Amino acid sequence: MPLPEPFLDHLRIRGYHPRSDRHSNALAEAIVADLIANCETMATDAAAGRLVYDLNMDLRFGTSTWNVDLVLGSPSPPTAPSSEPIARSTPSTVRIAIEIKGVMTEHRKAVKNRKRDFEAHHEHVHNYNRHAIAGAVMVINASTTFKSPLRPEITVHGSPSGVLTLVQHCITEMRNVTEAGGGSGYGMDAKCALVVDFDNVDFASARYLTSPPAPQPGDPLHYDSFLQRICDEYGERFG
């Protein structure tokens, strides 16, 4: 399964802005397309109008609200079949909730905040419904430089080897995000780390890093494993 190319296409055209949700929306749309293309159970439900998706939905539990980047769930009533593989509509009940976060610069500071966000995300999702699938994607930048639209200067991350050390640190922190297991209804059900090389100056040069320390095929943090885990959990819980 190729890594989600539409996300790179977005970076190559629009770049990255930390105060915009356009980049996370582009990645979310790509994840939805790949899930429906590669998960028969989900594709069947989507084609029948029993599964829809939405972006940036407020997920409420009690007095707490968490805005989730990507949700998939059941509509009420079922939507009419369309020419699209899956309809975009606000689900009445969320079955899958995926949080997308980036670590593009200031890696050690940013990843600490991202880990905290992910822990809060899975806790909120499972408080909402212990059967719902909580997922998380961390995008990590491996470029030696980065130009933030919020700063006049270009940030230098150090030597190539130094940056790879930062990337490895971020991946380790992603592995340390609590994982669900044993039917406890607590912890993240599916996690993924995508490593990009992007300086936010030469947009056209955006690419994925596929060599180590980026997760390799078979690694639980690899994109393929992430999609398969969601598909398997969906089949067990809602199939």
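Let me begin by describing the structure that accompanies this report.

Calculation notes
- Residues numbered from 1 in each chain as written.
- Predicted model: local features only at pLDDT ≥ 70, side-chain atom pairs only at ≥ 80, totals over all residues.
- Heavy atoms only, no water.
- Disulfide = S-S within 2.5 Å.
- Helix = DSSP H or I, 4+ residues; strand = E, 2+ residues; numbered from the N terminus.
- Buried < 20%, exposed > 50% of the residue type's maximum accessible area, 1.4 Å probe, protein only.
- Salt bridge = Lys/Arg side-chain N within 4 Å of Asp/Glu carboxyl O.
- Polar contact = N/O pair within 3.5 Å; in protein donor to acceptor, adjacent residues only side chain to side chain.
- Contact = heavy atoms within 4.5 Å.

1. A look at the state of the cysteines
At step 1: This structure, assessed with the given rule, holds one disulfide.
At step 2: Put simply, cysteine 39 and cysteine 231 are joined by a disulfide, and their sulfur atoms are 2.2 Å apart. Judged by the sign of its S-S torsion, about 80°, the cystine formed by cysteine 39 and cysteine 231 is right-handed. Of the two residues, cysteine 39 sits in the loop between helix H2 (22-38) and helix H3 (40-47) while cysteine 231 sits in helix H6 (residues 223-238), which places them 192 residues apart along the sequence. In this pair, the class of cysteine 39 matches that of cysteine 231, namely buried.
At step 3: Cysteine 170 forms no disulfide, and the closest cysteine sulfur to it belongs to cysteine 192, at a distance of 14 Å.
At step 4: For cysteine 192, a relative accessible area of 0% translates into the label buried.

2. Let's talk about the pattern of salt bridges
Pairs may arise between side chains of opposite charge once their charged atoms sit close together.
At step 1: Across all of its chains, the model carries 17 salt bridges by this definition.
At step 2: When the shortest N-O distance is used, the salt bridge between arginine 175 and aspartate 219 registers 2.7 Å. Here arginine 175 is found in helix H5 (residues 160-175), whereas its partner aspartate 219 is found in the loop between strand E9 (207-208) and H6, with 44 residues between them in sequence.
At step 3: A relative accessible area of 36% means that arginine 175 is categorised as partly exposed.
At step 4: Two residues, arginine 237 and aspartate 189, come together in a salt bridge whose shortest N-O distance is 2.9 Å. Of this pair, arginine 237 sits in helix H6 while aspartate 189 sits in the loop between H5 and strand E8 (190-197), placing them 48 residues apart in sequence.

3. A few points about the side chain of aspartate 189
At step 1: Judged by its relative accessible area of 3%, aspartate 189 falls in the buried class.
At step 2: A distance of 2.9 Å separates a polar atom in the side chain of aspartate 189 from a polar atom in the side chain of arginine 237.
At step 3: Not counting residues up to four positions away in its chain, the partners in contact with aspartate 189 are His126, Ala132, Ile133, Ala134, Ala180, Arg229 and Arg237.

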